[in-house]
Structures are given as structure tokens and as C-alpha cells.
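Topology and contacts: notes
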Amino acid sequence: MNYRHAFHAGNHADVLKHLVLSRLLALLGRKEAPFAYLDSHAGVGLYDLAGDQASRTGEWQQGIGRLWQAEAVPDLLQDYLEVIRAMNPDGQLRYYPGSPELARLLSREQDRLQLNEKHPEDGALLKDNMRGDRRVAVHRGEGWHVPRALLPTREKRVLLLIDPPFEQADELERCLQALGEALGRMRQAIVAIWYPIKDEQQLKRFYAGLQRSGAPKLLRAELLVHSPDDPARLAGSGLAIANPPWGLEDELRQLLPWLAEHLAQGEGGWRLDWPVPERGAG
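Residues numbered from 1 in each chain as written. Predicted model: local features only at pLDDT ≥ 70, side-chain atom pairs only at ≥ 80, totals over all residues. Heavy atoms only, no water.

**A look at the UniProt feature "binding site: S-adenosyl-L-methionine" (unreviewed entry) in the chain**
Heads up, the condition is: UniProt positions are given in the numbering used here, feature names are shortened, and annotations may be inferred rather than shown by experiment. Between buried and exposed lies partly exposed: a residue is buried under 20% and exposed over 50% of the maximum accessible area for its type, with that area taken using a 1.4 Å probe on protein chains only. The contact criterion used is simple: two residues touch if any of their non-hydrogen atoms lie within 4.5 Å. Only DSSP runs of H or I covering at least 4 residues are called helices, and only runs of E covering at least 2 are called strands; the numbering of each starts at the N terminus. What qualifies as a polar contact is a pair of N or O atoms within 3.5 Å, subject to a donor-acceptor requirement within protein and to the restriction that residues adjacent in sequence count only when both atoms come from side chains.
Sites flagged by UniProt as "binding site: S-adenosyl-L-methionine" (unreviewed entry) map to His18, His41, Ser99, Glu117, Glu142, Gly143 and Asp163. The class of Gly143 is buried, set by a relative accessible area of 3%. Apart from residues no more than four positions distant in its own chain, Gly143 is found in contact with Ser40, His41 and Asn116. One can find Asp163 in the loop between strand E6 (157-162) and helix H8 (171-185). A relative accessible area of 10% places Asp163 in the buried class. Within polar-contact distance, the side chain of Asp163 engages the side chain of Lys17 at 2.6 Å.

Set out below in C-alpha cells:
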């Protein structure tokens, strides 16, 4: 294990992932009933953009750094940005939330978080960062075991984020396997898979696997900041979302063009479609 997310914290891929996560949490929060949030590859939860790792790459400057300075920001970004503003009360952007901290701050008293991180050092930091919140449980096992280890939950509503480091060549296939396991244990689970846009052939196989997944419905949202013509470069990223809550498609149709305009580093773009349409829809 040599991947450390701190090198990439706050970059364009994080912005997309965390913005979509914030909207999923907001839509789940419209109903009073509690929900569970599960994170299979959680990271440490909090990042210092002035720290050694983030400073070495500076990737955040072309991600959250651009949004921090943007004017006329859409209202749908406010939940996400308010968390970051609260972490940086002096108005200087330094600290950035990972998905665990974002979920912790945007969930409610009745909701519960189950976070998993395999990396020994990161798992210890995550546990320390989440201390004091009784709603949060931190696990330090294999992320791919999360669906069968933690599902079904006692809550009838659950959001599972699958966000592996993509160090191994088979991780897109393992995402598909985890999706199948999650839906096999909780058919109604919302499962969000983050994936990089790099290798076109791998992505084609992944897309075909999504269509064969058996998900009741599945929405795909992608953001490109470069033209996807160089497999060695991260051109963008996407989220495949099984069982997205009602209203998410309309929100992303507003947000993705704005993000593409503000985060493009070359020939940017976006996509929003249904690899698995809801039965009877359309």
C-alpha cells in the first residue's frame, strides 16, 4: 500500500466526488427516518493542504482552490462549501474534508456512520479524527469486505461510498463485485462508486459491467477537465450511483456544466446518463 490520498486532496476529482456526496446526503436528509453512511476506503477524514504531501503536488489549486475563489456560486454547492468555510474560519483555504468528515458534518443526530480504512497509519488517524462522535464507528479491515461485513444495516436507508485507491489493475472489476454484493444484501441501498477516467478500454469493460449489474436503476455522472486522449493522465472522474434518490439527476444537470466550466484545465466536458434506466422509465 503506497497510495496516500493527501497528495490528491481537494483536486478536481475530490470536488466532484464530495459535491455529489453532499447532494446525496442532503436528499437523504429530507426524510426524518435515519440512514447509515458506509465508506469502504475512507482515508483519514481531514487534510492539510499546506502539509508536505498536498504541497508537493498542489493539485488542490486547480480543484477546490478555484471554487474557493469563484463568484456567483450555485446554491447547490453551499452545503459542501459551508463545511469547508467552517474548517477555515479565517478565510484562508488550508484544511479540506475527506468524505468521512463531510458525511459526519452533513448527517444528523439520528444517522450513523461506519467508516473503513485498511492503511494502518491512515486508519489510526481516521479513528483519532472521528473521536468523540458516538454516531461513528471506525473499522480497519479490507475495504472490499465492507458490503458483506456491514450490510444489511439496521437502518432501512443506506448510502455506501466505494472509493478505492486504484493501485491495482482489477479494482474496477472489484467495484462491480462489491456493487453486486451490496445490492444482494440490501436491494434498496444507494451505492456510489467513484472511478478515474484514464484507460478507455478498462472503462468500456466497467460500463458494460454496470449495465449487467442488476441494479434497479443506475445513474452515471462524469466530469472531464482534459480531453481523454492520454491514458497516462487523469482526464476526469465519474460516479456510478445505484438507486440515486429522486431529484439528484436534476441537481447534477445544473451542477455539472458549471463545474466543467470552472474546473477545466484544457478541453473539459461532462456527461450524465442512465446505464441502467429505472424499469418503466422513458
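**Brief notes about the environment of Leu150**
The topology assignment puts Leu150 in helix H7 (residues 146-150). Taking the relative accessible area as the measure of exposure, Leu150 reaches 17% and is therefore buried. Taking C-alpha positions, Leu150 is 39 Å from Glu261, a pair spaced 111 residues apart along the chain. For Leu150, the contacting residues outside a window of four places in its chain are Leu38, Gln114 and His139.

**A word on the nonpolar core**
Rule in force here: We define the nonpolar core as a collection of buried residues of types Ala, Val, Leu, Ile, Met, Phe, Trp, Tyr and Cys that are connected through side-chain atoms lying within 4.5 Å of one another.
Counting 61 residues, the largest nonpolar core has Ile64, Leu67, Tyr80, Leu252 and Leu259 as the members making the most contacts within it. The element best represented in this core is helix H1 (residues 12-28), accounting for 10 residues. Leave out the neighbours within four places in its chain, and Leu67 touches Val15, Val73, Leu77, Tyr80, Trp258, Leu259 and Leu263. Among the nonpolar cores identified, the runner-up in size contains 33 residues, and Leu151, Tyr195, Leu203 and Leu224 belong to it.

**Considerations on the pattern of salt bridges**
The test is simple: Salt bridges are identified by distance alone: a Lys or Arg side-chain nitrogen within 4 Å of an Asp or Glu carboxyl oxygen.
The full count for this structure, using the stated rule, is 21 salt bridges. Among the ionic pairs, Arg112 bridges to Glu155, the shortest N-O distance being 2.8 Å. Placement of the pair is Arg112 in strand E4 (residues 112-116) and Glu155 in the loop between H7 and E6, with a sequence separation of 43 residues. Accessibility expressed as a relative area gives 16% for Arg112, which makes it buried. Each of Arg23, Arg30, Asp79 and Glu251 takes part in one network of salt bridges that share partners.

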